[in-house]
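Now for the letters of each chain:
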Amino acid sequence: MTTETLVPVDDALTRYDPVMGLEIHIELNTATKMFCGCPTEFGAAPNTQVCPVCLALPGALPVVNAKAIESAIRIGLALNCEIAEWCRFARKNYFYPDMPKNFQTSQYDEPIAFDGHVDVEVDGETYRIEIERAHMEEDTGKSLHVGGSTGRIHGADFSLVDYNRAGIPLIEIVTRTIEVPGDKAPAVARAYVSYVRDLIGGLGVSDVRMDQGSLRADVNLSLKPKGSTTLGTRSETKNVNSFRSVERAVRYEISRHAGILDAGGSVLQETRHFHEDTGTTSSGREKSDADDYRYFPEPDLAPVSPSREWVEELRATLPEPPAVRRARLQTDWGFTDLEMRDTIGAGALQVVAETIEAGASPQAARKWWLGEMARRANEQGADLDALGITPLQVAEIQALIDAGRINDKLARSVFDGVIAGEGTPEEVIVGRKLEVVSDDGALGEAVDRAIAGDPDAAQKIRDGKQAAAGALIGAVMKEMRGQADAGRVRELILEKLT
Ligand SMILES: [Zn+2]
């Protein structure tokens, strides 16, 4: 492996313009697989959800899953695409040990949906992302490489294959080239993936969990010298699995490409692996051109020709468009433009919405997700929905604060406990003995000690300077390790001294 020369992104962008293309794979949540009746439930014992069709045994014939077609059309419509009047599946020929047929049933020049667009917002500016196509295909199985230190095949003693995932329906959404101001490119890429996640999540056709692989993003990037109209050679960073990583992958590839081009080298057309721990990419395999896949129409499946009536029926089932939904939520929640923009920018719209639906006030939901949770997500390099705490739990914790059982400081401990897997908020409070003390007996004694320990402050309060109560409240809170009901402590101090 050669050492890469990296050019700082800002420096690279003075000489080059990035050109991006994003591919998103969405795993549909249909009950059965794309071409057979096998169940799709996650987490079953290896190779228990397979049949002759998805194992590609000789003579087995596939049948298209109608629900998957319906989901594909709804996704296409949500992306403002045209829906094909007639389209076919195609065989994409390549070898993978976890793909039993040695071809993937996909779509090639006849995708079910094409020519769409979405508008994403970054720093108050709107950028239109053109969608080239959204097509149907099937997932591969999973290989597990045992014995190596990296989990990759290189250095492994042996490999195991699980075909449960083989044949699960996927939709691949491919953008046209995205050319935006270079300094915005990483954020636009992130905003686009986040937008698509919210959009598809709203359709209810997929779990869209990046951390669990039901939404996976590939980042294509090339650089062209400023002023040039000729596209550079692209790299394709595969399976980036968080919004934050999408942004980092774009930045890293800008730095890496610039280093190669500055040195007079040429970028290799290849796939790259993204490494979450270092934020870097490493070489995968040399990327084939479409010709190498020897695509041809799948002879075992009938063409798909959705009637226009059906397409219009499905259009009528779409939820309100994201821009309309955002405007409505902003009004409902009473957020300022800036609060709303920060919420969207943090990828927190959905979790905030769910927290509010679960009973928290809009400002409390925003405070926790954009403050405490965003900080934790940043530390862990994870997205908000992969932190190990749900919107429902955040709402429960806020309800416990509102009920006076815990305060904001104790709530942070409750978050720690829930994320650490210690149980529900209620169980964490009991387990960690976190409840606020509001019992006057215990509080009264602590207040007496605080007054005795700070006669100056006590005298000031007797003289009418109520602001001095802060010092005594602080002393009580310290003694009770933050578990006193601060409001009640204040009342007791004033009762005793005035
Ligand atoms: Zn099957």
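Below: a short report on this structure. (Residues numbered from 1 in each chain as written. Predicted model: local features only at pLDDT ≥ 70, side-chain atom pairs only at ≥ 80, totals over all residues. Heavy atoms only, no water.)

**Concerning the packing of helix α14 (residues 455-462) against helix α16 (residues 486-497)**
No. 1: Across the interface, α14 lies against α16 with an axial gap of 9 Å and an inter-helix angle of 75°. The orientation of α14 with respect to α16, classified from their angle, is roughly perpendicular. Together, A458, I461 and R462 of α14 and I493, L494 and L497 of α16 make up the contact between the two elements.
No. 2: A per-class count over the contact of α14 with α16 returns five nonpolar, no polar and one charged. (Axes fitted to C-alpha atoms, helices over the stretch in contact; angles between N-to-C directions. Helix = DSSP H or I, 4+ residues; strand = E, 2+ residues; numbered from the N terminus. Parallel < 35°, antiparallel > 145°, perpendicular 65-115°, else oblique. Contact = heavy atoms within 4.5 Å. Nonpolar A, V, L, I, M, F, W, Y, C, P; charged D, E, K, R; others polar.)

**Overview of the coordination of the zinc ion**
No. 1: C36 (SG), C38 (SG), C51 (SG) and C54 (SG) make up the full set of protein donors to the zinc ion, lying at 2.3 to 2.4 Å.
No. 2: Classification of the site at the zinc ion as tetrahedral follows from its four donor atoms and the range of 99 to 116° in their angles at the metal.
No. 3: Every donor residue of the zinc ion comes from the same chain, spaced as C-x1-C-x12-C-x2-C. Taken together, the positions of C38 in the loop between β1 (16-27) and α2 (66-78) and C51 in the loop between β1 and α2 put the pair 13 residues apart, joining distant regions of the chain.
No. 4: Overall, the relative accessible area of 19% leaves C51 in the buried class. (Donors = N, O, S within 2.8 Å, 3.2 Å for Na, K, Ca; no water. Tetrahedral: all angles 85-135°; square planar, octahedral: opposite > 155°, others 65-115°. Buried < 20%, exposed > 50% of the residue type's maximum accessible area, 1.4 Å probe, protein only.)

**Considering the sheet that holds strand β13 (residues 280-286)**
No. 1: The mixed open sheet is built from nine strands, whose spatial order is β2-β5-β6-β9-β1-β10-β11-β12-β13. The sheet is open, and its two borders are formed by β2 (82-83) and β13, each paired with just one other strand.
No. 2: Sheet analysis places β2 next to strand β5 (residues 113-122), joined by two bridges and oriented antiparallel. When the bridges of β5 are listed, E82 appears paired with F114.
No. 3: Across the sheet, helix α4 (residues 243-262) is in contact with β1, β10 (215-225), β11 (235-240), β12 (270-275) and β13; its angle to β10 comes to roughly 30°. (Pairing = 2+ DSSP bridges.)

**Considering α2**
Note: α-helices contain 3.6 residues per turn, so residues at a spacing of three or four share the same orientation.
No. 1: Helix length check: α2, at 13 residues, gives a terminal C-alpha distance of 18 Å against a target of 18 Å (1.5 Å per residue), a fit within 8%.
No. 2: Counting buried residues along α2, 10 of its 13 residues qualify, which places the element largely inside the surrounding structure.
No. 3: Of all the residues in α2, the buried ones are A68, I69, S71, A72, I73, R74, I75, G76, L77 and A78.
No. 4: In this fold, the buried residues of α2 make contact with β2, β5, β6 (125-138), β9 (169-175), α3 (185-203) and α5 (308-315).
No. 5: The opening residue of α2 is N65, an N-cap whose side-chain oxygen sits 2.9 Å from the backbone nitrogen of K67.
No. 6: Where α2 terminates, the next one or two residues include N80, which has phi positive at roughly 60°. (Expected span 1.5 Å × (residues − 1). Polar contact = N/O pair within 3.5 Å; in protein donor to acceptor, adjacent residues only side chain to side chain.)

So yeah, pure geometry; function would need other evidence.
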